[in-house]
Amino acid sequence: MTALLEPPIWALDPDDEELPTFPDDDLDLVFVEAALDRLLASAGAGRTAPESIDRIRRIKTQLNRLDAALHDTAHDFARTHVAARLDTAGAQAAETLDPDKLEQSVAAQIALACRTSVHHGRTRIRVARDLHNGFDHLHTLFLAGELDADKVSAIVTAADTLSRAQRAELDRRLAEHDLTRLGIGRLRDLTRRLVAEIAPADFAKRCEAAKNTRRVTVRPAADGMAFLTAYLPVEQAVGCVAALDKAHRDLSASPEPLPRTRGQVMADTLVERLTGKTHATDIDLHVQVIVPVEALIDPESPLPAEIPGYGPVPADLLATNKGRTTLRRLITRKGIVIGGDTRQRRFTRFLDELIRARTRNRCTEAYCDAPIRHIDHITRAADHGTTTLDQGRGTCEFHNYLREQPGWKVEHTPDGVTTTTPTGHTYPNAPPG
């Protein structure tokens, strides 16, 4: 790694005989590091809000280009490393080399250099490999800073089963879309749809084989919570979510106030139906629990209990008369109910379904992949906006409320529906599909 220079390289006197030396191959990086030093030194300079936004956008573009350079360098390293191994092994022994082990070696070294996990190192090297084998347009966008590494990885990973010729065809079809305006989820959906069109037979085989890998897993989360994940065929997963959503809508239709959010109702319903309990909070704990004796003797003890492998939980979570959990207290939001306005939609059920289908149930704000929670008037009803398909857009809860903040505006423009921020910057909404 090239050390940072003191003083910065732009401040050095070219006639000074004490100039540092460095390999010619590192010259570009030295100047990049020096430029970054200067950029960081100027971070606190007084700028207007619009100037700061413009600066953020330019910095992000250059970060994307640096990521592209990193992927290209990783690709070069992989080729050089494999070639060296083949030369060392000799012509006969080269045939016995295990490609998987070679990739593991490359991925591990890249992971160490990037200070990340081997999984991310392997992903990076596979993305770098495929970018140079058919994804010419995508690679060009990456090098130009128009797409970041996460979006490029989402596209390439979704096409990892294609041949080079098929990737080239996918790249051609992707070039027909404005990829720079799509969020990661929408990019992944688009790529998967095109992959299925390009190689339908392989897609059908993968779908059939994937059913054999269905499973349920649990992994720890913070604050005494956990993630319960079901990996299911898509039709079954969609059916499960639809049933849970129906449970929330049935409760919302009741004249009595609903003290739980949509997410809480769906989570509680899932637990109740899986366990056969009447209430989600009646679940008995059938797991090993480590409880400090101090917590049992002293109710005021701050020491938490712990479920091995899942982390700490408050001791009183387990100290009920029947050994039942009281998760409701962990997730209580002080009576604040969100999402309750779903019963006040002005769009009919038919228009609601059309608007959701138009953007595949994803928020229409640029780069947002959240599911639609609200159907919003582009021109507010208070401003005489009509309740029509053209005037409706699906948004997540966050973006629907965000437009009500001072300085934000959503409107029809020649480019479609555009959001204007308080700094005056405009962002076209994500295109349908």
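In the nomenclature of an unreviewed UniProt entry, the protein chain corresponds to DUF222 domain-containing protein from the organism Pseudonocardia nematodicida.

Enquirer: Help me understand the overall build of the protein chain, please; the structure alone is not making it clear to me.
Expert: Scanning the protein chain for helices and strands turns up 15 helices and nine strands. Looking at the protein chain as a whole, 30% of its 433 residues qualify as buried. Nonlocal contacts in the protein chain, meaning residues at least 24 apart in sequence, comprise 53% of its contacts between residues at least 6 apart.

Enquirer: How do you make sense of the nonpolar core when you look at a structure like this?
Expert: One recurring pattern in soluble globular proteins is that nonpolar side chains are buried together. Of all hydrophobic cores here, the largest spans 24 residues; its most connected members are Leu131, Phe135, Leu138, Val152, Leu170, Leu174 and Leu179. Of all elements in the fold, only helix 4 (118-131), helix 5 (136-143), helix 6 (149-158), helix 7 (164-174) and helix 8 (184-198) reach the threshold of two or more residues within this core. Counting residues per element, this core draws most heavily on helix 8, at five residues. In terms of nonpolar packing, the next biggest core, distinct from the first, is built from six residues, Ala74, Ala78, Val106 and Ile125 among them.

Enquirer: Would you mind showing me how to read the pattern of salt bridges here?
Expert: As a working rule, side chains carrying opposite charge can pair if their charged atoms are close by. Counted by the stated rule, this structure contains 21 salt bridges. Two residues, Asp268 and Arg260, come together in a salt bridge whose shortest N-O distance is 2.8 Å. Owing to a relative accessible area of 14%, Asp268 belongs among the buried residues under this scheme. You can call Arg260 buried: its relative accessible area is 19%. Between Arg403 and Asp376 there is a salt bridge whose closest N-O contact spans 2.7 Å. You can see Arg403 sitting in the loop between helix 15 (397-402) and strand 7 (409-413) and its partner Asp376 sitting in strand 5 (residues 374-377), a full 27 residues away along the chain. By relative accessible area, Asp376 is classed as buried at 9%. One continuous salt-bridge network, built from bridges that share partners, spans Glu103, Arg122, Arg126, Arg129, Asp130 and Arg167.

Enquirer: Where do I start with the packing of helix 10 (residues 234-252) against helix 11 (residues 262-275) in this structure?
Expert: Angle between the axes and distance between the axes: these two values describe a pair of packed helices. Orientation of helix 10 relative to helix 11, taken along the N-to-C sense of each, is 120°, at an axis distance of 9 Å. Every pair of crossing elements has a handedness; the one defined by helix 10 and helix 11 is right-handed. Listed contacts from helix 11 to Val241, Ala243, Leu244, Asp245, Ala247, His248 and Leu251 of helix 10 are Arg262, Val265, Met266, Thr269, Leu270 and Arg273. For the contact of helix 10 with helix 11, a count of residues per class yields eight nonpolar, two polar and three charged.

Enquirer: Which parts of the structure should I look at to understand empty space enclosed by the protein?
Expert: Summary: where empty space remains is shown by rolling a probe the size of a single water molecule over the atoms. For the coordinates displayed, the defined rule picks out two cavities of 30 Å³ or more. Taken as a whole, the second largest cavity encloses approximately 40 Å³ of empty space. Forming the walls of the second largest cavity are Glu365, Arg393, His399, Leu402, Arg403, Trp408, Val410 and Thr419. Taken together, the residues of the lining of the second largest cavity break down into three nonpolar, two polar and three charged.

Enquirer: Sorry, what's going on with unusual backbone geometry here?
Expert: Most peptide bonds take the trans form, and the phi angle of most residues other than glycine is negative. Even without glycine at this site, Arg115 takes up a positive phi of about 55°. Here Arg115 lies in the loop between helix 3 (99-114) and helix 4. In this structure Arg115 comes out as exposed when scored by relative accessible area, which is 71%. Despite not being glycine, His384 has its phi angle at roughly 70°, a positive value. Mapped onto the secondary structure, His384 falls in the loop between strand 5 and strand 6 (392-395).

Criteria and thresholds
Residues numbered from 1 in each chain as written. Predicted model: local features only at pLDDT ≥ 70, side-chain atom pairs only at ≥ 80, totals over all residues. Heavy atoms only, no water. Helix = DSSP H or I, 4+ residues; strand = E, 2+ residues; numbered from the N terminus. Buried < 20%, exposed > 50% of the residue type's maximum accessible area, 1.4 Å probe, protein only. Contact = heavy atoms within 4.5 Å. Core = buried A, V, L, I, M, F, W, Y, C linked by side-chain atoms within 4.5 Å. Salt bridge = Lys/Arg side-chain N within 4 Å of Asp/Glu carboxyl O. Axes fitted to C-alpha atoms, helices over the stretch in contact; angles between N-to-C directions. Left-handed = near helix turned anticlockwise from the far one by under 90°. Nonpolar A, V, L, I, M, F, W, Y, C, P; charged D, E, K, R; others polar. 1 Å grid on protein atoms, 1.4 Å probe; cavity = no way out; pocket = protein on both sides within 12 Å on 5 of 7 lines; lining within 4 Å. Points joined across faces, edges and corners; volume = space filled by probe spheres on them.

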